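Listed below, chain by chain, are the residues.
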Amino acid sequence: MMVINQNSKGKVHGIISNLVIVSVDGPIIQNEICYIIKEDIPLMAEVIKTSGQMAYVQVFENTTGLKIGAHVEFTGNMLEATLGPGLLSSQYDGLLHDLKSMKGTFLQPGDYTSTVDLERFWNFSPTVDKGTLVRAGDWLGSVIENNVNHRIMVPFTLEGDYLLENIFPEGSYKVTDTIAILLDNHGKQTPVTMIQKWPVKKAIHVYTDKPRPFKIMETGIRVIDTFSPITLGGTGFIPGPFGSGKTVLQQSISKQAEADIVIVAACGERANEIVEIFAEFPQLDDPWTGRKLIERTIIIANTSNMPVAAREASMYSAMTLAEYYRSMGLNVLLLADSTSRWAQALREMSNRMEELPGPDAFPMDLPTIISNFYSRAGFVYLNNGQNGSITFIGTVSPAGGNLREPVTESTKKAARCFYALSQARADSKRYPAIDPIESYSKYLEYDECIATLNSTFSDDWLIKINLLKNMLRKGKDAADQINILGDDGVSIDTHVTFWQSETIDFVILQQDAFDDIDCRTPLERQKFMVNIVLESISKSLFFDSFEEVRPFFKKLINVFQQMNYREFMSDEFSNHMQELHDLIQHNTIHNPVNL
Amino acid sequence: MVGNDLAGRFFNAFGLPIDGGPKPEGKEVAVAGPSVNPIRRKLPSELLATGIAGIDMNNTLVTGQKIPFFADANQPFNQVMALVALRAKADKIILGGMGLLNDDYLFFKNIFENAGALHKIVCFANTTEDPPIERLLIPDMALISAEYFAIEKNEKVLVLLTDMTLYADALSIVSNRMDQIPSKDSMPGSLYSDLARIYEKAAQFEEGGSITIMAVTTLSGGDITHSIPDNTGYITEGQLFLKYNTDIGKVIIDPFRSLSRLKNNVIGKKTRKDHPQVMNASIRLYLDAVNAKTKLDNGFELTEYDQRTLKYSYEYADRLLAIDVNIDTTRMLDIAWELFSKYFSIEELGIKSTFTDLYWKK
Ligand SMILES: Nc1ncnc2c1ncn2[C@@H]1O[C@H](COP(=O)(O)OP(=O)(O)OP(=O)(O)O)[C@@H](O)[C@H]1O
Ligand SMILES: [Mg+2]
């Protein structure tokens, strides 16, 4: 931490938990970072309001033991992220301090570690010639970070065109070494290193165009990809009561999704859940590259027992890293669990500031804050014509599981995919508990997205999916009728309708996240299963009595489930296909009326 | 004040002895200290066996987990918790009693004494006779002692906190007095953080010590959407529901609403491979029985399948869900297979054929 002398200084004037009022001796800016010195330990804090000579700062640490009169040093900078090679595979706190290099079992206030290793050497190779005109975000060269072509870019903070006066030859450099020199049109030189800083609350805008997302992002989760697909650069959210499977679902997505980089922001949730990622990801393979998952992953942890004030920052830190990698032409997946904890942190601070409360005591501008955040995601064309994307999926933890609350409602306006988890499905262990009827993907309304779906699957794909959804709806009605009128109070057809929807439920919607094979279904296999399920249940079957319906469908479902547990197109899989064929054949021979 | 002297002793919220013994010797530590760096935690993956199938089979616990019993005031949660505590192979059991009835306090004291486990018990108790505000100190006292044994002595510590609803009530009294804007159910807006600070002390440490937290959150009229159980559910790693089953006249662990989030770290890995699938299949079939019962109540005739599920449900509840069961997990799985074969056909299970090939007996 460098503190430059000409910056303002101050003294602690008042303390309300982690909101501290500081009397200042000079100019300061909104969101400026300062350090409050508590018995030699600098506590990091951010200016959130100024009034005359008083600054209201939120301290990112527990303030127990802090005394009135304590010395405060301002930095002149806003909360910034350090961007450069060495971010991948790291584990950070909400302010991007490296957790691994901290000392001791406990997190000690003031133990502020560097985001990237400043001593490590990287093999830099230039990719442009000197004399080129460049601007912010342009690629100057690259280093290989894990498996990723990490572009070294013209610092995002530079405005206008620059002449690349000099670029250093291929070789081994530290991130702080100069690798290029830029010249502005006044002839002023700017050296460029492999790291740069960016204020996290501002969006990085180094692209020329941000079209509507159109390409499906495979997650391997059938109910998502088949029923409500998300796109590269798309946004989605997962609301659900506690224990309904938000975290498990997000973790499956983080392991399987078609992304170059995955950033996981653990925001106010359980520490053990990220310990699980620490433990598993170094062992598990990335299904897309065969390398270890940890190599493409960055974890930002502000778990529920870590300072609440850093929770807001943690989300912005995560988004800034995502934007950094997007600017390299990569597809980044950003996952945040849970955005409700972020909103609660905003609420705690707003209450301490005695601001006029909005609904449920959340700040009045919560909807704006949420929609601004979601708007930083997206698919972009970079200056050089290449493209990159940030797909963002957040979870929401509504109080009492009731979706009529400010965070859910605001998020619904900001996110394009809605994956509602249902308590009833979770209770009956129908996982993932995504409600297939309530949930939606707005991308299915985009012509350009429909076009890519049709070319990925088949021309009649959407028709088929709508058919399946309709069968689920009818199945629900049938279940209601059976419940009201009794098994023999309804027609056999009603039973068949119900069991058709059960088949779709058990075979396509439900998926065992803990089974090595079933956990991930590639698009090709999803297409195959949709077709074969539709074909099998659409046969007009004949039954003598309603008592025959259940056993037939139970057998059918069982064969399909066995298929889901097997390697696609393996011998066992084919055997089950044969069983399926026989079962249906048998049923139709049995009931010749049908032929 | 923490130290080895704590073992076998009973204290009040200020750490003063209430068992007539001397003041303990040891070192002073500040309560509510910093949190463990997540990097220094280990993934909790050591089975904590209780012998109760409703727990070990359906909601398997591990050391380092935090889990509450959600129970109505008239349910025997303290008894079940004491039973579990005694069966779990813990080095230390730390009881934090908040708003305990004096009878309950004596119950815990006696049951630990009779089991000859007094030497590994430390108790911090605030009874209904003490001021409610003092309750707020109990969890910190209990957990700071737990950290001493788990980190400095590498012991497996089980912390029992009862009743956390009374703790939260005390929180709301304090925050109202401080004129804070109350949130839902007149609880403080920071309830989530306040509770998380306590529960997140549960951890598995690298050197082998662990803190497991088992708590009680009493419900009013079974309402789990109330702020206290709701926030708790969002923090803990699952919850256990007790339920009186009228068919068999016993208390069971409700298989639907109960959940152990960390079970996936051990089931099928430390226990037999068929465990996850057997667990899910047996619960699904039990759900079918519940649906059949609804049909019956609504005056409809039952199908032959419904009848089978009903018969299965009685036996499943009695032999596996009841809290008086005390067997090991392999035996539990064997019983489940026995019931499957007795009442169902293989297609009705939806279990992977690799397992039915091995365990299906007919
Ligand atoms: N796809 C799945 N397959 C199997 N089990 C699942 C699946 N999804 C969820 N579960 C079960 O549900 C439990 C709870 O899931 P999870 O922890 O993801 O809930 P959550 O919605 O994140 O809850 P909270 O809001 O409290 O964090 C898991 O521990 C697991 O046992
Ligand atoms: Mg979760």
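Residues numbered from 1 in each chain as written. Chains lettered and ligands numbered in written order. Predicted model: local features only at pLDDT ≥ 70, side-chain atom pairs only at ≥ 80, totals over all residues. Heavy atoms only, no water.

Asks: Go over the domain arrangement of chain A, please, and point to the residues and values.
Replies: Segmentation of chain A into domains returns domain 1 (4-78), domain 2 (117-196), domain 3 (208-441) and domain 4 (461-588). Summarising the inter-unit geometry, the C-alpha centres of domain 1 of chain A and domain 4 of chain A are found 63 Å apart. (Domains from an automatic or database assignment.)

Asks: Give a description of unusual backbone geometry that names residues and reports values.
Replies: At the junction of Tyr 431 of chain A and Pro 432 of chain A, the peptide bond is cis and its omega measures out at -15° in the coordinates. The residue Pro 432 of chain A is located in the loop between helix H8 (423-427) and strand S26 (440-441) in this model. Cis peptide bonds are those with omega within 30 degrees of zero, and the linkage from Thr 162 of chain B to Asp 163 of chain B qualifies with 5°. Its location among the elements puts Asp 163 of chain B in the loop between strand S7 (156-162) and helix H5 (164-177). Backbone geometry places Leu 96 of chain A, a non-glycine residue, at a positive phi of 65°. Following the sequence through the fold, Leu 96 of chain A ends up in the loop between strand S8 (91-92) and strand S9 (121-126). (Helix = DSSP H or I, 4+ residues; strand = E, 2+ residues; numbered from the N terminus.)

Asks: Give a description of the interface of chain B and chain A that names residues and reports values.
Replies: Taken together, the contact between chain B and chain A spans 66 residues of the former and 68 residues of the latter. For the pair chain B and chain A, the summed buried surface comes to about 5500 Å²; carbon and sulfur atoms form 53% of the total. Contact with chain A buries area across many residues of chain B, yet Tyr 192, Tyr 234 and Arg 284 of chain B alone supply 13% of it, more than any other trio. Where chain B packs against chain A, one counts 3 salt bridges. The shortest N-O distance in the salt bridge between Lys 352 of chain B and Asp 515 of chain A comes to 2.7 Å. Broken down by element, the side of chain B that touches chain A gets its largest block of residues, 7 residues, from helix H8 (residues 275-297) of chain B. Looking at the side of chain B that touches chain A residue by residue, the class counts come to 25 nonpolar, 21 polar and 20 charged. (Contact = heavy atoms within 4.5 Å. Buried area = accessible area lost by both parts, 1.4 Å probe. Salt bridge = Lys/Arg side-chain N within 4 Å of Asp/Glu carboxyl O. Nonpolar A, V, L, I, M, F, W, Y, C, P; charged D, E, K, R; others polar.)

Asks: Go over the sheet that holds strand S6 (residues 71-78) of chain A, please, and point to the residues and values.
Replies: Residue and element names in this part refer to chain A. Pairing within the closed barrel is antiparallel, and its 6 strands lie in the order S1-S2-S5-S4-S3-S6. Here the strands of the sheet are splayed against their neighbours by 45° on average, with no regard to which way each runs. Two elements, strand S1 (residues 9-16) and strand S2 (residues 19-24), share 6 bridges in a ladder whose sense is antiparallel. Bridge pairing in S2 links Ile 15 to Val 20. (Pairing = 2+ DSSP bridges. Axes fitted to C-alpha atoms, helices over the stretch in contact; angles between N-to-C directions.)

Asks: With reference to specific residues and values, describe a negative patch on the surface.
Replies: On the surface, Asp 488, Asp 544, Glu 547 and Glu 548 of chain A together with Glu 301 of chain B cluster together to form a negatively charged patch. Position of Asp 488 of chain A among the secondary structure elements: in the loop between helix H10 (461-485) and helix H11 (492-509). (Patch = residues over 30% accessible without salt bridge, like charges linked within 9 Å, V, L, I, M, F, W, Y side chains within 5 Å. Areas by Shrake-Rupley, 256 points an atom, 1.4 Å probe, with all protein chains shown as cover. Lys, Arg positive; Asp, Glu negative; His and termini not counted. Charge placed at Lys NZ, Arg CZ, Asp CG, Glu CD.)

Asks: Give me the nonpolar core: which residues, what numbers.
Replies: Residues and elements named next belong to chain A. The biggest cluster of nonpolar side chains holds 84 residues, and the ones touching the most others in it are Phe 60, Met 194, Ile 263, Tyr 325 and Trp 342. Considering every element that reaches this core, the biggest residue donor is helix H4 (residues 309-326), with 11 residues. The contact partners of Phe 60, leaving out residues within four places of it in the chain, are Ile 33, Met 44, Ala 45, Glu 46, Leu 79, Leu 95, Pro 307, Ala 309, Ala 310 and Ala 313. Within the second largest apolar cluster, 76 residues are counted, among which are Ile 224, Leu 468, Met 471 and Phe 552. (Core = buried A, V, L, I, M, F, W, Y, C linked by side-chain atoms within 4.5 Å. Buried < 20%, exposed > 50% of the residue type's maximum accessible area, 1.4 Å probe, protein only.)

Asks: So what's going on with the packing of helix H2 (residues 246-256) of chain A against helix H3 (residues 271-280) of chain A? Residues and values would help.
Replies: Residue and element names in this part refer to chain A. Interaxial distance between H2 and H3 falls to 12 Å at its minimum, and their mutual angle equals 25°. If you check the angle between H2 and H3, you find them roughly parallel. Crossing of H2 over H3 shows right-handed handedness. In this structure, H2 contributes Thr 247, Gln 251 and Lys 255 to the contact, and H3 contributes Glu 273, Glu 276, Ile 277 and Glu 280. In the contact of H2 with H3, the residues fall into 1 nonpolar, 2 polar and 4 charged. (Parallel < 35°, antiparallel > 145°, perpendicular 65-115°, else oblique. Left-handed = near helix turned anticlockwise from the far one by under 90°.)

Asks: How would you sum up a nonpolar patch on the surface? Please name residues and give values.
Replies: Where nonpolar side chains cluster on the molecular surface, the patch consists of Phe 14, Leu 16 and Leu 137 of chain B and spans about 260 Å² of accessible area. Topologically, Leu 137 of chain B is positioned in the loop between strand S6 (121-127) and helix H4 (138-152).

Asks: Give a description of the pairing of strand S5 (residues 92-100) of chain B that names residues and reports values.
Replies: Residues and elements named next belong to chain B. Of all 9 residues in S5, 9 are buried; the element is thus mostly enclosed. Looking at chain direction, S5 and S7 are connected through 6 bridges and run parallel. Residue Ile 94 lies in a different strand from S7, and its bridge partner there is Val 159. In this sheet, S6 lies alongside S5 in parallel orientation, the contact comprising 7 bridges. Following the sheet pairing, Leu 95 is matched in S6 by Cys 123.

Asks: An account of the site of ligand 1 is requested, with residue identities and associated values reported.
Replies: Close to ligand 1 lie 21 residues; Lys 246, Thr 247, Val 248 and Arg 270 of chain A together with Arg 261 of chain B are nearest. Residues within reach of ligand 1 are spread across chains A and B. The side chain of Arg 261 of chain B places a nitrogen or oxygen atom 2.8 Å from an oxygen atom of ligand 1. Contact between ligand 1 and Asn 264 of chain B: an oxygen atom at 3.3 Å from a side-chain N or O atom of the residue. Computed on the free molecule, ligand 1 has an accessible area of 630 Å², of which 95% lies beneath the protein chains in the complex. Secondary-structure elements contributing two or more residues to the shell around ligand 1 are H2 of chain A together with helix H7 (227-235) of chain B. A total of 3 residues in the shell around ligand 1 trace back to one element, the largest contributor, which is H2 of chain A. (Near = heavy atom within 4 Å. Polar contact = N/O pair within 3.5 Å; in protein donor to acceptor, adjacent residues only side chain to side chain.)

Asks: Describe in detail the sheet that holds strand S12 (residues 148-153) of chain A, supporting the description with residues and values.
Replies: All names here are of chain A. Read across the open sheet, the 4 strands follow the order S12-S11-S9-S14; overall the sheet is antiparallel. Strand pairing shows two members of the sheet lacking a second neighbour, S12 and strand S14 (171-174), which therefore form its edges. The average undirected angle you get between the axes of adjacent strands in this sheet is 45°. Pairing of S9 with S14 involves 4 bridges; the strand directions are antiparallel. The residue of S14 that forms the bridge with Trp 122 is Tyr 173.

Asks: I'd like to hear about the pattern of salt bridges, residue by residue, with values.
Replies: Applying the stated criterion across every chain yields a total of 45 salt bridges over all chains. A salt bridge links Arg 430 of chain A to Asp 505 of chain A, with the nearest nitrogen and oxygen atoms 2.8 Å apart. Within this pair, whereas Arg 430 of chain A is found in the loop between H8 and S26, its partner Asp 505 of chain A is found in helix H11, the two being separated by 75 residues in sequence. Judged by relative accessible area, Asp 505 of chain A falls into the buried class, the value being 5%. One salt bridge in this structure joins Lys 250 of chain B and Asp 324 of chain B, with 3.2 Å as the shortest N-O distance. With Lys 250 of chain B in strand S11 (residues 250-253) and Asp 324 of chain B in the loop between helix H9 (304-321) and helix H10 (329-343), the pair connects residues that are 74 residues apart, well separated along the chain. Shared partners join several salt bridges into a network, and the residues in it are Glu 269, Arg 270, Glu 273 and Arg 341 of chain A.

Asks: Before we move on, can you summarise helix H12 (residues 523-538) of chain A with the specific residues and values?
Replies: With 16 residues, H12 of chain A extends 22 Å between its outermost C-alpha atoms, agreeing within 8% with the 22 Å of an ideal straight helix rising 1.5 Å per residue. Among the residues of H12 of chain A, Leu 523, Arg 525, Gln 526, Met 529, Val 530, Ile 532, Val 533, Leu 534, Ser 536 and Ile 537 of chain A are the ones counted as buried. (Expected span 1.5 Å × (residues − 1).)

Asks: Describe the pairing of strand S5 (residues 54-59) of chain A, listing the residues and the values that go with them.
Replies: Residue and element names in this part refer to chain A. Examined bridge by bridge, S2 and S5 share 5 bridges and lie antiparallel to one another. What sits directly across from Ile 21, in S5, is Tyr 56. Linking strand S4 (residues 41-51) back to S5 in an antiparallel pair, the connection comprises 2 residues, with Gly 52 at a positive phi of about 60°.

Asks: So what about the environment of Thr 63 of chain A? Which residues, and what values?
Replies: Residue and element names in this part refer to chain A. Along the polypeptide, Thr 63 turns up in the loop between S5 and S6. Residue class for Thr 63 comes out buried when judged on its relative accessible area of 10%. For the pair Thr 63 and Ala 420, spaced 357 residues apart in sequence, the C-alpha separation works out to 38 Å. Setting aside residues up to four positions removed in sequence, Thr 63 forms contacts with Ile 15, Ser 17, Asn 18 and Val 20.

Asks: Tell me about the packing of helix H2 (residues 77-87) of chain B against helix H3 (residues 102-114) of chain B, and name the residues and values.
Replies: All names here are of chain B. It is at 11 Å that the axes of H2 and H3 come closest, and there the two elements cross at 25°. As judged from the angle between their axes, H2 and H3 are roughly parallel. Between H2 and H3 the crossing geometry is right-handed. In contact with Asn 78, Gln 79, Met 81, Ala 82 and Leu 86 of H2, H3 contributes Asp 104, Phe 107, Phe 108, Ile 111 and Phe 112. By residue class, the composition of the contact of H2 with H3 is 7 nonpolar, 2 polar and 1 charged.

Asks: Describe the packing of aromatic side chains, naming the residues involved and giving the relevant values.
Replies: Under the counting rule described, the total for this entry stands at 40 aromatic pairs over all chains. When the ring of Phe 568 of chain A is compared with that of Phe 573 of chain A, the centres are 5.3 Å apart and the planes differ by 85°; the resulting orientation is edge-to-face. The exposure class of Phe 573 of chain A is buried, given its relative accessible area of 0%. Ring pairs connect the aromatic residues Phe 256, Tyr 286, Tyr 305, Tyr 312, Tyr 316, Tyr 343 and Phe 344 of chain B, which therefore count as one cluster. The ring of Tyr 234 of chain B has Arg 341 of chain A lying over it, and the distance from NZ or CZ to the ring centre is 4.9 Å. (Phe/Tyr/Trp six-rings, centres within 6.5 Å; stacked < 30°, edge-to-face > 60°. Lys NZ or Arg CZ within 6 Å of the ring centre and 35° of its normal.)

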